[in-house]
Structures are given as C-alpha cells and as structure tokens.
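Per-entry structural report
Listed here are the chains, written in short residue letters.
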Amino acid sequence: MKAGVLENGALLRTEQGTPQGGVVSPILANIYLHEVLDKWFNTTVKPLMDASCSLVRYADDFVMVFETQRDALRVYRALPKRLARFGLQLSPAKTRLLHFPRPWGKDGGNDTFDFLGFTHHWAKSRSGKWVLKRRTAKTRFSRALKRTNEWCRDNRHLAVRDQWQALTRKVRGHFNYFGITGNLAGLERFVNLVRRVWQKWLGRRCSKAHMDWERMNRLIQHYPLPKPKISFRAPTFSKPHT
C-alpha cells in the first residue's frame with residue numbers, strides 16, 4: 001500500500017488508501033466495503049425502507065436501486081455520513097441521483113447510466129415490451145479501439161499470422177466481457193472497425209505496401225477474426241417489479 005505509483009515516469013508516494021490501478025486495490029476494496037457498505041445496506045437500510053431496494057457492487061463501484069424517490073433521497077443523504085465514519089468519500093463526478101422509471105407507451109425515457117463499462121438504457125423487446133438493455137459505453141468502446149489501433153501501428157511489421165493471432169485474442173477478450181444480451185450490434189461494430197484498423201496499418205508496412213479491400217477480403221478468408229458472440233445473458237426486467 002505504501003509502494004507508491006509511477007506517473008509520467010515520476011514515483012508518487014501514497015500517504016493513505018491504495019494506489020489507483022494497483023493489483024491489491026480491488027481486493028482490499030471488496031473486503032473493506034463488504035463491512036462498510038454491504039452489511040450496512042442489508043441490515044440497517046433495508047428494514048427502514050418503505051419499499052423494495054437493492055445494492056449491486058463490484059469493488060468500489062456500486063449502484064443502489066430504490067422503488068420510491070423518498071427512500072432514494074433518504075439513503076442519498078445518509079450515505080456520505082456513513083462512508084465518512086470510515087475515512088471514505090464519494091466521488092462527486094461519479095455520484096448522482098437518477099430517476100430511471102420503466103417507460104410507458106410508445107416513447108421511451110432518455111435517461112441512461114454507465115456502470116462497469118456498460119450504458120444501461122430502456123429499449124423495446126421483440127414482443128414490444130420495454131426491457132432494460134445494455135450496450136458498450138462510448139468511453140470503453142473508444143478506449144478499446146484506440147488501443148487496438150496503437151497495437152496495429154506498433155506491430156505492423158510482424159508476420160500477418162502473428163498479427164492475426166494477437167488480434168484474435170484481443171477481439172475474443174472484448175467479446176467475452178461485452179458479449180451481453182442486447183449488445184450484439186456493438187460487438188459487430190467493434191470487429192468491423194478492428195478490420196478497418198488492421199487493413200489501414202497493413203497498407204503502411206512499407207512505401208510499396210498496398211492493401212485495398214479486395215486484397216484484405218482475401219486475407220480475411222485465410223485469417224478470419226472471431227464472429228460476435230453473446231457470452232452471457234443478463235436479466236432484462238421485462239416484468240415490472242411489485
């Protein structure tokens with residue numbers, strides 16, 4: 001915890017807490033917040049609420065869901081005091097109170113929220129019901145594509161087979177995390193853009209290199225990238241809770 005972190009080549013000592021991105025950080029966050037937040041929510045908060053509520057947490061990221069606005073406001077005001085008792089505080093940039101009701105009729109609500117790399121939003125199912133869906137958050141999508149572009153640029157001189165094997169692992173890893181119910185279009189968009197990035201940097205391997213889409217399509221036949229796949233199915237809450 002006192003090892004510090006490297007930032008722009010400079011070593012910064014940490015006086016308290018754990019360093020951002022440190023390997024031990026999520027482990028300690030789980031242990032600490034299980035006592036500070038999880039047990040408090042289940043044993044103290046829930047019995048005092050007028051209606052149903054729930055808490056979803058991963059490491060130090062969490063979402064609290066309340067059926068009534070009154071309950072949400074009560075906990076929203078009490079939460080900073082609870083965390084302060086243990087030397088913790090909420091991040092103002094990541095904390096907000098959001099009205100997120102199920103839409104009715106033809107028009108859906110415009111409110112969304114991001115959690116664990118996904119944008120949560122309401123959308124119509126094939127049967128015409130309003131269901132909760134998730135898509136890759138714009139920031140996470142852009143970050144993944146940027147890293148892929150940088151990798152293709154820096155490794156464009158590797159053998160095509162080696163590039164293909166590395167890109168296959170990257171794309172498959174993306175699908176394994178973001179392959180959730182309702183996000184198939186996002187997966188398809190990602191792999192299509194990866195192909196474009198790969199084609200661009202293959203065409204810049206040398207001054208004589210030329211990789212038009214006719215050649216690229218032939219190459220893809222021999223070295224196909226993974227097809228989009230839903231890795232797991234998430235609840236859509238198609239039926240209103242009572």
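The following refers to the structure shown. Since this is a predicted model, take the numbers as computed values, not measurements.

**Comments concerning the overall build of the protein**
Summing up its helical and strand segments, the protein has six helices and seven strands in all. Shown N-terminal to C-terminal, the secondary structure of the protein runs as helices and strands in the order β-β-α-β-β-α-β-β-β-α-α-α-α. Counting every position in the protein, which comprises 242 residues, the buried fraction comes to 33%. Only carbon and sulfur atoms are counted for the fraction: they give 52% of the accessible area of the protein, which is about 16600 Å².

**Observations regarding the sheet that holds strand β6 (residues 118-124)**
The three strands lie next to each other as β5-β6-β7, forming an open sheet whose pairing is antiparallel. Strands with a single pairing partner mark the edges of an open sheet, and in this sheet they are β5 (113-115) and β7 (130-136). Between one strand axis and the next, the sheet turns through 40° on average, direction left out of account. Relative to β6, β5 runs antiparallel, the two sharing three bridges. Residue pairing in the sheet places Phe-113 in a bridge with His-120 of β6.

**Let's talk about the pattern of salt bridges**
Per the stated rule, a full pass over the model turns up six salt bridges. The shortest N-O distance in the salt bridge between Lys-39 and Glu-35 comes to 3.2 Å. Pair noted here: Lys-39 and Glu-35 are both in helix α1 (residues 25-48), with a separation of four residues, about one helical turn. Using a relative accessible area of 39% as the deciding quantity, one classes Lys-39 as partly exposed. Assessed through its relative accessible area of 42%, Glu-35 is described here as partly exposed. We note a salt bridge from Arg-218 to Glu-214, for which the minimum N-O separation is 3.5 Å. Here the residue Arg-218 and the residue Glu-214 both occupy positions in helix α6 (residues 213-222), the gap between them amounting to four residues, near one helical turn. Overall, Arg-218 belongs to the partly exposed group, its relative accessible area being 43%.

**Here we look at the packing of helix α3 (residues 138-154) against helix α5 (residues 184-202)**
Running from amino to carboxyl end, α3 crosses α5 at an angle of 25°, the nearest separation of the two axes being 9 Å. Comparing their axes, α5 and α3 come out roughly parallel. Every pair of crossing elements has a handedness; the one defined by α3 and α5 is right-handed. Along its contact with α3, which presents Phe-141, Ala-144, Leu-145, Thr-148, Asn-149, Cys-152 and Arg-153, the element α5 presents Gly-186, Arg-189, Phe-190, Leu-193, Val-194, Val-197, Trp-198, Lys-200 and Trp-201.

**Some details on the pairing of β6**
Burial runs high along β6: six of the seven residues are buried. In this structure, β6 lies alongside β7, joined through seven bridges in antiparallel fashion. Across the sheet, residue Phe-118 finds its bridge partner in β7, namely Thr-136. Hairpin geometry of β6 and β7 is characterised by an intervening segment of five residues between the two adjacent antiparallel strands and by a positive phi of about 90° at Gly-128.

About the cut-offs
Residues numbered from 1 in each chain as written. Predicted model: local features only at pLDDT ≥ 70, side-chain atom pairs only at ≥ 80, totals over all residues. Heavy atoms only, no water. Helix = DSSP H or I, 4+ residues; strand = E, 2+ residues; numbered from the N terminus. Buried < 20%, exposed > 50% of the residue type's maximum accessible area, 1.4 Å probe, protein only. Areas by Shrake-Rupley, 256 points an atom, 1.4 Å probe, with all protein chains shown as cover. Pairing = 2+ DSSP bridges. Axes fitted to C-alpha atoms, helices over the stretch in contact; angles between N-to-C directions. Salt bridge = Lys/Arg side-chain N within 4 Å of Asp/Glu carboxyl O. Parallel < 35°, antiparallel > 145°, perpendicular 65-115°, else oblique. Left-handed = near helix turned anticlockwise from the far one by under 90°. Contact = heavy atoms within 4.5 Å.

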